[in-house]
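Read off the chains here:
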Amino acid sequence: MRIDVVTIFPGYFDALELSLLGKAKHKGLIDVRVHDLREHAHDKHRTVDDTPAGGGAGMVMKPEPWGVCLDGILDSAASEAAEASDAAQVPDPDPLIIFPSPAGDVFNQRMARELAEESHLVFGCGRYEGIDQRVFDEYSARGRVRLVSLGDYVLNGGEVASIAMIEAIGRLVPGVVGNPQSLVEESHEEDGLLEYPSYTKPASWRDREVPPVLLGGNHKAIEAWRTEQRIERTRRVRPDLLPRELRGEPRGRHVAE
Ligand code: 6GU
């Protein structure tokens, strides 16, 4: 998977070198390319923002540097796809451009799974006052664009949101997570219940014991305990995630997400 990021703060994305995602980069499973938007601002001061048309507080990102930078990414994707199809490989579908925005569709595990199927994602990180609307209009007219939000709160820009999405998506790319079973057992996968609590050694720590069932070696009993814990935890903190048949409501269609 190729991932391009457009930002005025490339340093944020140094974090992608760490841990699993860094390994995936080095293994060539995920090809992350970070672009400094300012390098595409061609005036003396490398200006990327200006006052809002019609007045109001804050600044709006100017369309021209976005146009130059995104055109460059789309052109390079098209020429790499042409080379790849010359080499008799599958041609790349159009990249999907994602603009992190509190005004977007809310990101979740289902969206992460969908996006992990893409071969090329472009993250356009704006500051929260926003990017000139014509940038969205231009690239929506020419290809696929999505506005995606992390949830109902405000960040200063799209960088931290992009990193979160890249991590959630990247770990679903085959080969990135060593044991694929660990992807299945997690919260929000399969049945949509939260995870059970985990313990390790020592069996007693500060007079706090590992639940005896986990030390008893009865795998049926362990599985039953874990399921009960997942249901109770979900009921307590995220009742909205409980499947209908566990909600004490009339039985109906099973909704896992
Ligand atoms: Cl994706 N961007 C910004 N700037 N703020 C957010 C967000 C995204 N999601 C929640 N708040």
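Labelled according to an unreviewed UniProt entry, the protein appears under the name tRNA (guanine-N(1)-)-methyltransferase, originating from Leucobacter exalbidus. Check the Subcellular location (unreviewed entry) section of the UniProt entry for the protein; it says "Cytoplasm". Under the UniProt heading Function (unreviewed entry), the note attached to the protein is "Specifically methylates guanosine-37 in various tRNAs."

Turning our attention to the overall build of the protein. Along its length, the protein carries 7 helices and 9 strands. Once the C-alpha set of the protein is aligned to its principal axes, its extents read approximately 70 × 50 × 45 Å. The 257 residues of the protein split such that 23% are buried. Taking the intrachain contacts of the protein between residues at least 6 apart in sequence as the baseline, contacts between residues at least 24 apart amount to 71%.

Of all 6 residues in strand 1 (residues 2-7), 5 are buried; the element is thus mostly enclosed. Where strand 1 meets strand 2 (residues 31-36), 6 bridges bridge the pair, whose relative direction is parallel. Residue pairing for strand 2: Asp4 is matched across the bridge by Arg33. Remark: the strand 1/helix 1 (residues 19-26)/strand 2 crossover connection has right-handed handedness. Where strand 1 meets strand 6 (residues 120-124), 5 bridges bridge the pair, whose relative direction is parallel. In the strand pairing of strand 6, Ile3 is matched with Leu121.

Pairing between strand 5 (residues 96-106) and strand 6: 3 bridges, direction parallel. Its bridge partner being in strand 6, Ile97 is matched across the sheet by Val122. Viewed along the sheet, the connection from strand 5 through helix 3 (residues 109-115) into strand 6 turns out right-handed. In terms of strand pairing, strand 5 meets strand 7 (residues 144-149) through 7 bridges, oriented parallel. When the sheet's bridge partners are listed, Pro100 is paired in strand 7 with Val148.

Next up on the list: the nonpolar core. Core analysis: the largest hydrophobic core is formed by 40 residues, its most contacted members being Ile3, Val5, Ile30, Ile98 and Phe123. The set of elements that each furnish at least two residues to this core consists of strand 1, helix 1, helix 2 (63-86), strand 5, strand 6, helix 4 (133-142) and helix 5 (158-170). In terms of residue count, the dominant contributor to this core is helix 2 (5 residues). Other than its neighbours up to four places away in sequence, Val5 contacts Phe13, Val32, Val34, His35, Phe123, Cys125 and Ser162.

Spatially, the 5 strands line up as an open sheet ordered 2-1-6-5-7, and their pairing is parallel. The open sheet has two edge strands, strand 2 and strand 7, and neither has a second partner. Going from strand to strand, the sheet's axes swing by 30 degrees on average, the running direction of each strand aside. Sheet strands in contact with helix 2 are strand 1, strand 2 and strand 6, and its direction is about 170 degrees off that of strand 1.

Conventions used here
- Residues numbered from 1 in each chain as written.
- Predicted model: local features only at pLDDT ≥ 70, side-chain atom pairs only at ≥ 80, totals over all residues.
- UniProt positions renumbered as here; feature names shortened; annotations may be inferred.
- Helix = DSSP H or I, 4+ residues; strand = E, 2+ residues; numbered from the N terminus.
- Buried ≥ 20, exposed ≤ 12 C-beta atoms within 10 Å, placed from the backbone.
- Contact = placed C-beta atoms within 7 Å.
- Pairing = 2+ DSSP bridges.
- Right-handed = clockwise from strand over helix to strand, strands pointing away.
- Core = buried A, V, L, I, M, F, W, Y, C linked by C-beta atoms within 7 Å.
- Axes fitted to C-alpha atoms, helices over the stretch in contact; angles between N-to-C directions.

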